[in-house]
Amino acid sequence: MWQTKMRASFRQAYLASATRRFSRVAPPQPAVIRVTNNVAHLGPPKTGPLPRQLMSLPPFPGHPLPGKNAVNNNGVDGEVGHVTAISWVKYYFEEVHDKTIQSHFTKGLVEMEFRDASRKKDDGVRAMRKVKHNEVMQIGDKLWLPVSVAETRISKRYDTIPSGTLYPNADEIAYLQRLVRFKDSAIIVLNKPPKLPVKGNVPIHNSMDALAAAALSYGNDEGPRLVHRLDRETSGLLVMGRTKESIDHLHSVFSDFKGRNSRCKAWNKACEAMYQQYWALVIGSPKDKEGVISAPLSKVLLDDGKTDRVVLAQGSGFEASQESITEYRVLGPMINGCSWLELRPITSRKHQLRVHCAEALGTPIVGDYKYGWFIHKRWKQMPQVDIEPTTGKPYKLRRPEGLDIQKGSVLSKVPLLHLHCREMVLPNIAKFLHVLNQKEADPLRPGIISKPDLLRFVASMPSHMKISWNIMSSYLV
């Protein structure tokens, strides 16, 4: 009897010592059964997907958005209404599929900064909250969302630039017509690929102006003509005029005067709303996340006597200089030593954006060896371990599987220039052309008045910049 009691008391004491008492303050850690080499064991649960890098949209400009329902009726603004959060995101990312944007709202990945500027975290970062898709935007509201929203699937087949003849064949004509983003009676807008010269000379036959004149006439007696230029290595939106009248007015629109010399108030207002917006990947990150660069530029002749170079004017008064202004904004955090910038040139100068990034900000554009060769010499394209600023956790670069990163991306041995004219808002030349030709403030015709005053275009990035964007949108580890 006493032996049975001793065994029972010993069993109770062993269980009491072996059993750990958990309280509500320190609950037990969750565990799951895992099988490794046909052996079952307890382990921690698998963690969910880690957050991606965040990017910010520009402050909401207000309603109506440029180029969207911006119809002006005798000086009266277009439809009065509101813009929801999802409409603003779809407007900014016009090239992104609607389902992708909707899924980001459904998963609660879109956030908005609190309108009260005093609400900040301990580290000084402005506090944010999740936003629903149907929330009405107010002027100045700023949205944040993962950079994965702009990720795109990259084809392994890369288009080849036409070989270049004055008489392009059927394949070259089809290639050029695939570049056309918009066409009406006055203008043609193309998405220019990199490494294609805009203006040709004697040794260059495959320039954009020569090919477009031969392949993009669309029944006109003459082909379209250039009204502004992009550098050979720069990609993005390029506007060409189809008639002599539209070419003359577009030249004034792209000048610093911006064509505001008409008696038609609607035309002058549309010219004031015009802008160009570039995306660029730069080495380093500006000290200020946004700002205005006002640095005059001047040309100098190198020692060979043939090559010129654009530099910041010294302000001595003995050299000819031109006023140059650029607005910039950092899209997201610095990743692998690089940052994505949104650039908006106010003036139109040769190599303005490249010089302002390299010399004024000290952050040359990736692939710009003319103005950033000294930084490229020291810059290593190998993946680096950096700290994500919003969470303080380290992260590493994610290389997309089955993708050739040597196609000029940020991790290639010789990256291509990462400068792309992504967005452009222009006056609707075809709507105002008859009024501008008469040089009178005549009312617009009933059939034309319903057309929008502004036209907005968005061009997707070239393949090498898409690869860099997908690489830079890394998972945290």
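Source: prediction; values computed, not measured. (Residues numbered from 1 in each chain as written. Predicted model: local features only at pLDDT ≥ 70, side-chain atom pairs only at ≥ 80, totals over all residues. Heavy atoms only, no water.)

(A) Region of interest: the overall build of the chain. When its secondary structure is counted, the chain shows 12 helices and 20 strands. Across the 477 residues in the chain, those meeting the buried criterion constitute 46%. Residue pairs in contact within the chain that sit at least 24 positions apart in sequence constitute 68% of those at least 6 positions apart. If you sum the accessible surface of the chain, you get close to 26500 Å²; carbon and sulfur atoms cover 53% of it. (Helix = DSSP H or I, 4+ residues; strand = E, 2+ residues; numbered from the N terminus. Buried < 20%, exposed > 50% of the residue type's maximum accessible area, 1.4 Å probe, protein only. Contact = heavy atoms within 4.5 Å. Areas by Shrake-Rupley, 256 points an atom, 1.4 Å probe, with all protein chains shown as cover.)

(B) Representation of the layout of surface pockets in the model. Within this model, the second largest pocket holds a volume of roughly 890 Å³. Residue lining of the second largest pocket: 29 residues in total, with Arg229, Leu230, Asp231, Lys350 and His351 positioned closest to the centre. Only strand 11 (275–283) and helix 8 (352–360) provide two or more residues apiece to the lining of the second largest pocket. Per element, the largest residue contribution to the lining of the second largest pocket is three residues, and it comes from helix 8. Among the residues forming the lining of the second largest pocket, the class breakdown is 10 nonpolar, nine polar and 10 charged. (1 Å grid on protein atoms, 1.4 Å probe; cavity = no way out; pocket = protein on both sides within 12 Å on 5 of 7 lines; lining within 4 Å. Points joined across faces, edges and corners; volume = space filled by probe spheres on them. Nonpolar A, V, L, I, M, F, W, Y, C, P; charged D, E, K, R; others polar.)

(C) Spotlight on helix 6 (residues 244–253). Within helix 6, burial applies to Ser246, Ile247, His249, Leu250 and Val253. Where helix 6 is buried, its residues meet strand 8 (187–192), strand 9 (225–226), strand 10 (235–241), helix 7 (265–272), strand 19 (419–427) and helix 10 (429–438).

(D) Here's a closer look at the nonpolar core. Ranked by internal contacts, the top residues of the largest apolar core, which has 62 residues, are Ile187, Val239 and Leu343. The element that contributes the greatest number of residues to this core is helix 10, accounting for five residues. One finds Ile86, Ala270, Trp279 and Met465 within the second-largest nonpolar core, a separate group that totals 47 residues. (Core = buried A, V, L, I, M, F, W, Y, C linked by side-chain atoms within 4.5 Å.)

(E) Region of the structure containing the packing of helix 2 (residues 85–92) against helix 3 (residues 98–106). At a minimum axis separation of 10 Å, helix 2 and helix 3 run at an interaxial angle of 140 degrees. Compared by their axis directions, helix 2 and helix 3 come out oblique. Helix-helix and strand crossings are classified by hand; for helix 2 and helix 3 the assignment is right-handed. For the pair helix 2 and helix 3, the contacting residues are Ala85, Ile86, Val89 and Lys90 in the first and Asp98, Ile101, Gln102 and Phe105 in the second. (Axes fitted to C-alpha atoms, helices over the stretch in contact; angles between N-to-C directions. Parallel < 35°, antiparallel > 145°, perpendicular 65-115°, else oblique. Left-handed = near helix turned anticlockwise from the far one by under 90°.)

(F) The arrangement of the environment of Val136 in detail. Within the fold, Val136 resides in the loop between strand 5 (128–130) and strand 6 (143–146). Sequence separation between Val136 and Ala85 is 51 residues, and the spatial gap between their C-alpha atoms is 6.2 Å. Beyond its immediate stretch of four places on either side in the chain, Val136 contacts His82, Val83, Thr84, Arg115 and Asp141.

(G) Highlighting the pattern of salt bridges. Tallied over the full model, the rule gives 11 salt bridges. The residue Glu135 makes a salt bridge to Arg129 at a minimum N-O spacing of 2.5 Å. On the accessibility criterion, Glu135 (19% relative accessible area) is buried. Given a relative accessible area of 23%, Arg129 falls into the partly exposed group. With its nearest N and O atoms 3.1 Å apart, the salt bridge here joins Arg354 to Asp231. Of this pair, Arg354 sits in helix 8 while Asp231 sits in the loop between strand 9 and strand 10, and the two are 123 residues apart along the sequence. Assessed through its relative accessible area of 7%, Arg354 is described here as buried. The structure contains a network of salt bridges with shared partners spanning Glu94, Glu95, Arg422, Glu423 and Arg456. (Salt bridge = Lys/Arg side-chain N within 4 Å of Asp/Glu carboxyl O.)

(H) Representation of the side chain of His376 within the structure. When you line up the elements, His376 lands in helix 9 (residues 373–378). Its relative accessible area of 10% is what places His376 among the buried residues. Of the polar contacts made by the side chain of His376, one reaches the backbone nitrogen of Gly367; its length is 3.0 Å. Polar contacts involving the side chain of His376 include one to the main-chain carbonyl oxygen of Gly372, which spans 2.7 Å. Other than its neighbours up to four places away in sequence, His376 contacts Ile283, Ile365, Val366, Gly367, Asp368 and Tyr369. (Polar contact = N/O pair within 3.5 Å; in protein donor to acceptor, adjacent residues only side chain to side chain.)

(I) Representation of the packing of aromatic side chains in the model. Scanning the entire structure with this criterion turns up 10 aromatic pairs. Ring centres of Phe60 and Trp88 lie 5.3 Å apart, and the angle between their planes is 80 degrees; on these two criteria the pair is classed as edge-to-face. Taken as a pair, Phe60 in the loop between strand 3 (54–56) and helix 2 and Trp88 in helix 2 lie far apart in primary sequence, 28 residues in all. Of the two residues, Phe60 and Trp88, neither departs from the other in class, the shared state being buried. With 5.2 Å between their ring centres and 50 degrees between their planes, Phe182 and Phe457 make a pair best called tilted. Of this pair, Phe182 sits in strand 7 (residues 180–183) while Phe457 sits in strand 20 (residues 454–458), and the two are 275 residues apart along the sequence. The exposure class assigned to Phe182 is partly exposed, which follows from its relative accessible area of 23%. (Phe/Tyr/Trp six-rings, centres within 6.5 Å; stacked < 30°, edge-to-face > 60°.)

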